[in-house]
Amino acid sequence: MSFKENVSFLNWDSIKESIYSKTSADVRRALSKSKRDLEDFKAMISPAAEPFLEEMAQLSHQITQKRFGKTIQMYIPLYLSNECQNICTYCGFSLDVKIPRITLSDEQILAEAEVIKKMGYDHVLLVTGEANRTVGVEYFKNAIKLLKPHFSHIAIEVQPLEEDEYKELIEEGLNTVLVYQETYNKEHYKIHHPKGRKSNYDYRIDTHDRLGRAGIHKMGVGVLFGLEDWRTDTYFCAEHLTYLEKTYWQTKYSLSFPRLRPCASGIELKSIMSDKELVQLICAYRIYNEEVELSMSTRESESFRNNIIKLGITSISADSKTDPGGYANPKENLEQFEIDDARSTEEFVEVIKKQGYEPVFKDWDHALQ
Ligand code: SF4
């Protein structure tokens, strides 16, 4: 049974009620265990866990340091295209947002790569909108072929693809695929994704199963916080992650924590997640799952990112541009969303080092596989 079938047995309202009815005793029990289950995860993300934040932060710090050491993996996004055939209510690349559309040529991709390499990065995340005709599998294959000689780790965050298409990209040198469900609330998913292929909830939620069958090295899951009740949404995501780890145990996993940022679509947030709540969530995931990579982008503020380094995050971006061509040729008003932490790589690396951590730009090589 794939997760698409599993999720149909999960009831949003009863899960929400169960999370909000957790007590201090449930949280204490969860924190005292050595191996935790999804009921413990519910307790740790519940409002009842808020007074335990300090304890959770210390535990999360210890577990992360034991498993990952004092290292932070550095990566950078490379936006290849802002063309998109979908309407998403929260995105600056949405089809109904009037911005100039750009898809990078081979020369432009290599120009971006040159700037990024000079900044020291070796892990690159290729990002596009979802425009199958202009940025489809052939475009991705070509981009990976161009970039593979320059980067040891290539990840993509693009439209969901078929299993065979993923296999083709893996053969070309693709290492990681990030696909976020945005919200697991099936009823409301359609409101946030009214037009285009992304409006198909079932196809999107089935993507990680296709990736698992294709044999991807690492895949990422996540929720876009702000669309629906964050506690319930993230619980569904934890169910998804748990299912995937059991089913595709040879694959590695990554989790991201994007909170909605202002963008050209001008969406109003339905659920606001505070900084404290985001810390609670990151710690809850780490305490629940010692192996998963926890990743953070430049959507968050300088002070938040400074403080989160020790609390469970293991992978982080810096100095990011979210407009295609933005490294070699910066332009205004083409971003997918506004970034909050605009510090240079050097500045951010100093922050990491001052906290006694080592920023890692390269952690593996194909030659060692
Ligand atoms: S979130 Fe993705 S699919 Fe939706 S409009 Fe933005 S780029 Fe397109």
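The paragraphs below set out a description of the structure included in this document.

Definitions and limits used
- Residues numbered from 1 in each chain as written.
- Predicted model: local features only at pLDDT ≥ 70, side-chain atom pairs only at ≥ 80, totals over all residues.
- Heavy atoms only, no water.
- Helix = DSSP H or I, 4+ residues; strand = E, 2+ residues; numbered from the N terminus.
- Rg over C-alpha atoms; globule rule 2.2 N^0.38 Å.
- Contact = heavy atoms within 4.5 Å.
- Areas by Shrake-Rupley, 256 points an atom, 1.4 Å probe, with all protein chains shown as cover.
- Lys, Arg positive; Asp, Glu negative; His and termini not counted.
- Charge placed at Lys NZ, Arg CZ, Asp CG, Glu CD.
- Near = heavy atom within 4 Å.
- Nonpolar A, V, L, I, M, F, W, Y, C, P; charged D, E, K, R; others polar.
- Buried < 20%, exposed > 50% of the residue type's maximum accessible area, 1.4 Å probe, protein only.
- Phe/Tyr/Trp six-rings, centres within 6.5 Å; stacked < 30°, edge-to-face > 60°.
- Lys NZ or Arg CZ within 6 Å of the ring centre and 35° of its normal.
- Axes fitted to C-alpha atoms, helices over the stretch in contact; angles between N-to-C directions.
- Parallel < 35°, antiparallel > 145°, perpendicular 65-115°, else oblique.
- Left-handed = near helix turned anticlockwise from the far one by under 90°.

Let us now look at the overall build of the protein chain. Regarding its fold elements, the protein chain presents 15 helices and nine strands. Computed over its C-alpha atoms, the radius of gyration of the protein chain comes to 20 Å, within 12% of the 21 Å expected for a compact globule of 369 residues. Principal axes of the C-alpha set define a box for the protein chain whose edges measure 60 × 45 × 40 Å. In the protein chain, of all internal contacts separated by at least 6 residues, the share reaching a separation of at least 24 is 75%. Just so you have it, the protein chain exposes about 15,500 Å², and 49% of that area is on carbon and sulfur atoms. Here the protein chain contributes 47 positive and 58 negative side-chain charges, whose respective centroids are spaced 2 Å apart.

For the rest of this paragraph, the subject is the site of the ligand. In the neighbourhood of the ligand, eleven residues make up the surrounding shell, with Cys84, Asn86, Cys88, Cys91 and Lys198 lying closest. A breakdown of the residues in the shell around the ligand according to their chemical character gives five nonpolar, four polar and two charged.

Moving on, we come to helix α7 (residues 137-147). Counting buried residues in α7 gives eight out of eleven residues, a clear majority hidden from the surface. All of the buried residues in α7 are Val137, Tyr139, Phe140, Lys141, Ala143, Ile144, Leu146 and Leu147.

Once that is clear, we can look at the packing of aromatic side chains. Applying the stated criterion to the full structure yields ten aromatic pairs. A centroid spacing of 5.2 Å and a plane angle of 85° characterise the contact between Tyr189 and Tyr201, whose relative ring orientation is edge-to-face. Residue Tyr189 is located in helix α9 (residues 186-192), and its partner Tyr201 is located in helix α10 (residues 201-205); the two are separated by twelve residues in the primary sequence. Through a chain of ring-to-ring contacts, three or more aromatic side chains come together here, namely Phe41, Phe257, Tyr285 and Tyr288. Lying across the ring of Tyr203, Arg210 places its NZ or CZ 3.8 Å from the centre.

The phi angle at Glu182 is positive, at roughly 70°, despite the residue not being glycine. The phi dihedral of Asp319 falls on the positive side, at around 60°, and the residue is not glycine. For Asp319, the location among the structural elements is in the loop between β8 (315-317) and α15 (345-354).

To continue, consider the packing of helix α8 (residues 163-172) against helix α11 (residues 207-214). Contact pair α8 / α11: the axes reach a minimum separation of 9 Å and the direction vectors enclose 50°. Taken together, the axis directions place α8 and α11 in an arrangement best described as oblique. Of the two elements, α8 crosses α11, and the hand of that crossing is right-handed. Across the interface between the two elements, Glu163, Tyr166, Lys167 and Ile170 from α8 touch Thr207, Arg210, Leu211, Arg213 and Ala214 from α11. Each residue belonging to the contact of α8 with α11 can be placed in one class, and the counts come to four nonpolar, one polar and four charged.

Turning to α11, a few remarks are in order. Counting along an α-helix, one turn takes 3.6 residues, and residues three or four places apart therefore face a common direction. With seven of eight residues buried, α11 lies mostly within the body of the structure. For α11, the complete set of buried residues consists of Thr207, His208, Asp209, Arg210, Leu211, Gly212 and Ala214. Lining the buried residues of α11 we find α1 (3-7), α8, β4 (176-178), α10, β5 (218-222) and α12 (230-247). Just downstream of α11, Gly215 is the residue with a positive phi angle, here 85°.

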